[in-house]
Amino acid sequence: MKHRENAGFETAKRYFYIDFLRVLAILLVFVYHVNMIFVAEWDWHIKADSTSNVLMEINYWMQFFRMPLLFFVSGFISCILLERLSAQRFALSRFKRLIIPTVIWTFVLVAPQIYFERKLEGAEFNYVEFYQSFLTFELWPSGNFHWLHLWFIPYLFAYNLLSIPVFRSIQEEKTGISISHTKLALCIAAFVCVAVIPYTFLSVRFPVTYDFVNDYARHAQFIPFVLAGLFAYRFEPIMDYLEAKRAALLRAAFLLIIIINVVRWNGWEPKALWDDWLSHPVSYVFILLLNVNSWMWVLAILGYGKRYLNKGSELLTYSNKAVYPFYILHQTVIVTVGYYVVQTNDGAVFKYMFILGACFVISMGIYHLYIRPFKSMRILFGSK
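Conventions and cut-offs
- Residues numbered from 1 in each chain as written.
- Predicted model: local features only at pLDDT ≥ 70, side-chain atom pairs only at ≥ 80, totals over all residues.
- Heavy atoms only, no water.
- Helix = DSSP H or I, 4+ residues; strand = E, 2+ residues; numbered from the N terminus.
- Rg over C-alpha atoms; globule rule 2.2 N^0.38 Å.
- Contact = heavy atoms within 4.5 Å.
- Areas by Shrake-Rupley, 256 points an atom, 1.4 Å probe, with all protein chains shown as cover.
- Disulfide = S-S within 2.5 Å.
- Buried < 20%, exposed > 50% of the residue type's maximum accessible area, 1.4 Å probe, protein only.
- Core = buried A, V, L, I, M, F, W, Y, C linked by side-chain atoms within 4.5 Å.
- Polar contact = N/O pair within 3.5 Å; in protein donor to acceptor, adjacent residues only side chain to side chain.
- Phe/Tyr/Trp six-rings, centres within 6.5 Å; stacked < 30°, edge-to-face > 60°.
- Salt bridge = Lys/Arg side-chain N within 4 Å of Asp/Glu carboxyl O.
- pLDDT = per-residue confidence, 0-100.
- Patch = residues over 30% accessible without salt bridge, like charges linked within 9 Å, V, L, I, M, F, W, Y side chains within 5 Å.
- Axes fitted to C-alpha atoms, helices over the stretch in contact; angles between N-to-C directions.
- Parallel < 35°, antiparallel > 145°, perpendicular 65-115°, else oblique.
- Left-handed = near helix turned anticlockwise from the far one by under 90°.
- Nonpolar A, V, L, I, M, F, W, Y, C, P; charged D, E, K, R; others polar.

Caption draft 1: Summary view of the overall build of the chain. For the chain, the helix and strand inventory stands at 15 helices and zero strands. Relative to a compact globule of 384 residues, whose C-alpha radius of gyration would be 21 Å, the chain shows 21 Å and is just as compact. Counting contacts in the chain only where the partners sit at least 6 residues apart, residues at least 24 apart contribute 76% of the total. Carbon and sulfur atoms make up 64% of the accessible area of the chain, which totals about 18500 Å².

And the structure:
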C-alpha cells in the first residue's frame, strides 16, 4: 500500500486481506465458543451432557492461532493509525473505542453469562438477587464478577499504548531497502526464537487468569504478535516474503501439529510421563514446540491471506464494521441460547447446529437492527 489515509482504516488502497483476516479470526472465536458447549474434558460456562472429542481436537487446533492472529492484526492496524494520529489522539481514540465499551458491557452483557452458568449449576436466586452478588466484585469463578470474553479488549488497549513508543522508534527507519529472502528468513526466525522463549518458561509458572494484572504468561504470548504486526506493516518486504513462502510455512505448521498430536494421543506428553515433569529439559522442548506451532500457523495464514484475500467487496466492508460489536455480543448470546438448548431432549448434533446457526443470526440481527442504524448505539459498541 503506497497511500495511507485515515484512522478509520478507509484508504485509497486498503489492506483488504487484513480486514478479511480480522473478520475470519472473530468468526473462529465465535465457532470456538459454540464448540466449547460440547467439547469433551474442557470446562466452560454452559456444558451439554453429550460431549465430543472431535470438537475438542478442532478447538485444540484453533487455539494455536485464533487470538495470536487477532493481536498480529491489531499491531498492523495500530501502525496505520499512528501514521495519521498523534500519540495523544491515538490513545484517546483507543480509550473511547475499547475501554468505555468494556466497562459498559461488562455490567450489561457479561453478568447474564455468569447468571446462566450459576443457574445451570443449580442456583435458585433470581436475576436481581444474582446481580447484587455481581456488584460485590468478588472475582469469578469463586465469585460472580468478571469481564469474561471482554478480557481481549482491555488487553488490546494496553498493547495499543505499548505500540506508540515502538512505532515512534521505527518510524524513521528506511522501508524501501532491498533485502534478500535469506536475510529475511533469518530475521523472522530470530524474532520467533526470541518471542517464544519468555512464554515457554512463564506459561508453566503463571496460569491463565485473564485479569490483566497477574496474567504474565498471556502477555508474554500476545505482545510479540502485536510487535510482529507493527514490524510487518512498517517493513513491507516481510509480508511479501510470507506471501512467497506461504506453502513452506503451511508445511511446517502441518508437520508441527502432526508431531504434537502424535505425542498427545500416545500419552507421551511430559505431564503424563513424569510427576516432576518441569525438572526435565525435554518438557521445555515440547512447550517450545507448541509455541513455534502457533507462529507457523499465523505466518502461513498471513501469507495465504495476502495472496488470495486482498480484494474488497461490499460484504467485507459491512463485515469489517460489524465484527467488533459482534464480538462484544456473541458470547452472551451463545451462553443464553445454550442454557435453554442443552436442557432439551434433542440430539447433540441438532443442538449444536441450532446453537451455531441461531446465535450467529441473533448476534448479526442485533447488530443490523439495533446497533448499525443508531449513532448512539454505535458509540456504545465502539464503532465509528
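Here the narrative resumes, following the displayed structure.
Caption draft 2: Broad picture of the state of the cysteines. On inspection of all chains with the given rule, the structure shows zero disulfides. There is no disulfide at Cys187, and the cysteine sulfur nearest it, in Cys193, is 12 Å away. Relative accessible area serves as the criterion here: at 47%, Cys187 is assigned to the partly exposed category.

Caption draft 3: Region of interest: the nonpolar core. Ile37, Phe71, Phe76, Phe152 and Leu302 are the most contacted members of the largest nonpolar core, which totals 117 residues. Top element by residues in this core is helix H13 (residues 314–341). It accounts for 13 residues. Those residues in contact with Ile37, other than ones at most four positions away along the chain, are Trp44, Ile46, Lys47, Ala48, Ile334, Gly338, Val342 and Ile355.

Caption draft 4: Examining helix H9 (residues 237–244) more closely. Every buried residue of H9 is listed here: Ile238, Met239, Tyr241, Leu242 and Glu243. In this fold, the buried residues of H9 make contact with helix H1 (16–36), helix H3 (66–84), helix H7 (181–202), helix H8 (216–234), helix H10 (246–265) and helix H12 (281–308).

Caption draft 5: The arrangement of the side chain of Asn144 in detail. Summarising the element assignment, Asn144 is placed in the loop between helix H5 (127–134) and helix H6 (152–170). Classification of Asn144 as buried rests on a relative accessible area of 12%. A distance of 2.7 Å separates a polar atom in the side chain of Asn144 from a polar atom in the side chain of Arg118. When residues no more than four places from it in sequence are discounted, the contact partners of Asn144 are Ile114, Arg118, Phe130, Ser133, Phe134 and Glu138.

Caption draft 6: Highlighting the packing of aromatic side chains. Within this structure, the stated rule accounts for 52 aromatic pairs. Centre to centre, the rings of Tyr15 and Tyr233 are 5.6 Å apart; their planes meet at 70 degrees, and the pair counts as edge-to-face. Remark: Tyr233 occurs in helix H8 and Tyr15 occurs in the segment before H1; sequence separation between them is 218 residues. Accessibility classification places Tyr15 together with Tyr233 in one group, the buried group. Ring geometry for Trp151 versus Phe152: centroids 6.2 Å apart, planes at 85 degrees, classification edge-to-face. Given the relative accessible area of 8%, Trp151 is considered buried.

Caption draft 7: Summary view of the pattern of salt bridges. Considering all chains together, one arrives at five salt bridges under this definition. Across the salt bridge formed by Glu83 and Arg234, the nearest N and O atoms sit 3.6 Å from each other. In this pair, Glu83 sits in helix H3 while Arg234 sits in helix H8, placing the two residues 151 residues apart along the sequence. Among the residues examined, Glu83 registers a relative accessible area of 29% and is labelled partly exposed. Note that Lys306 and Glu243 form a salt bridge whose closest N and O atoms lie 2.9 Å from each other.

Caption draft 8: Region of interest: the confidence of the model for the chain. Scored by pLDDT, the chain has a mean of 93; 95% of the residues are at 70 or more. Between the elements of the chain, mean pLDDT differs from a low of 92, seen in helix H11 (residues 270–273), to a high of 98, seen in helix H14 (residues 348–371). When the criterion is pLDDT under 50, residues 1–12 qualifies, and its contacts beyond four places in sequence or with other chains add up to 31 contacts.

Caption draft 9: Representation of the environment of Ala228 within the structure. Within the secondary structure layout, Ala228 lies in helix H8. Assessed through its relative accessible area of 11%, Ala228 is described here as buried. Considered as a pair, Ala228 and Leu135 are 93 residues apart in the sequence and their alpha carbons are 39 Å apart. Ala228 has contacts with Phe72, Phe191 and Trp295, leaving out every residue within four places of it along the chain.

Caption draft 10: Structural context of the side chain of Ser52. As for its position among the elements, Ser52 is in the loop between H1 and helix H2 (53–62). A polar side-chain atom of Ser52 sits 3.1 Å from the main-chain amide nitrogen of Leu55. The contact partners of Ser52, leaving out residues within four places of it in the chain, are Phe38, Val39 and Ala40.

Caption draft 11: A look at a nonpolar patch on the surface. On the surface, a nonpolar cluster with roughly 490 Å² of combined accessible area is contributed by Phe254, Ile258, Val262, Trp268 and Leu273. It is H10 that contributes the most residues to the nonpolar patch, three residues altogether. The partly exposed category is assigned to Phe254, whose relative accessible area is 44%.

Caption draft 12: A look at the packing of H8 against H12. Put simply, H8 and H12 touch, their axes get as near as 12 Å, and they point 30 degrees apart. The orientation of H8 relative to H12 falls into the category roughly parallel. Helix-helix and strand crossings are classified by hand; for H8 and H12 the assignment is right-handed. For the pair formed by H8 and H12, the contact residues are Pro224, Phe225 and Ala228 on the first element and Ser294, Trp295 and Val298 on the second. Residue composition of the contact of H8 with H12, grouped by class: five nonpolar, one polar and no charged.

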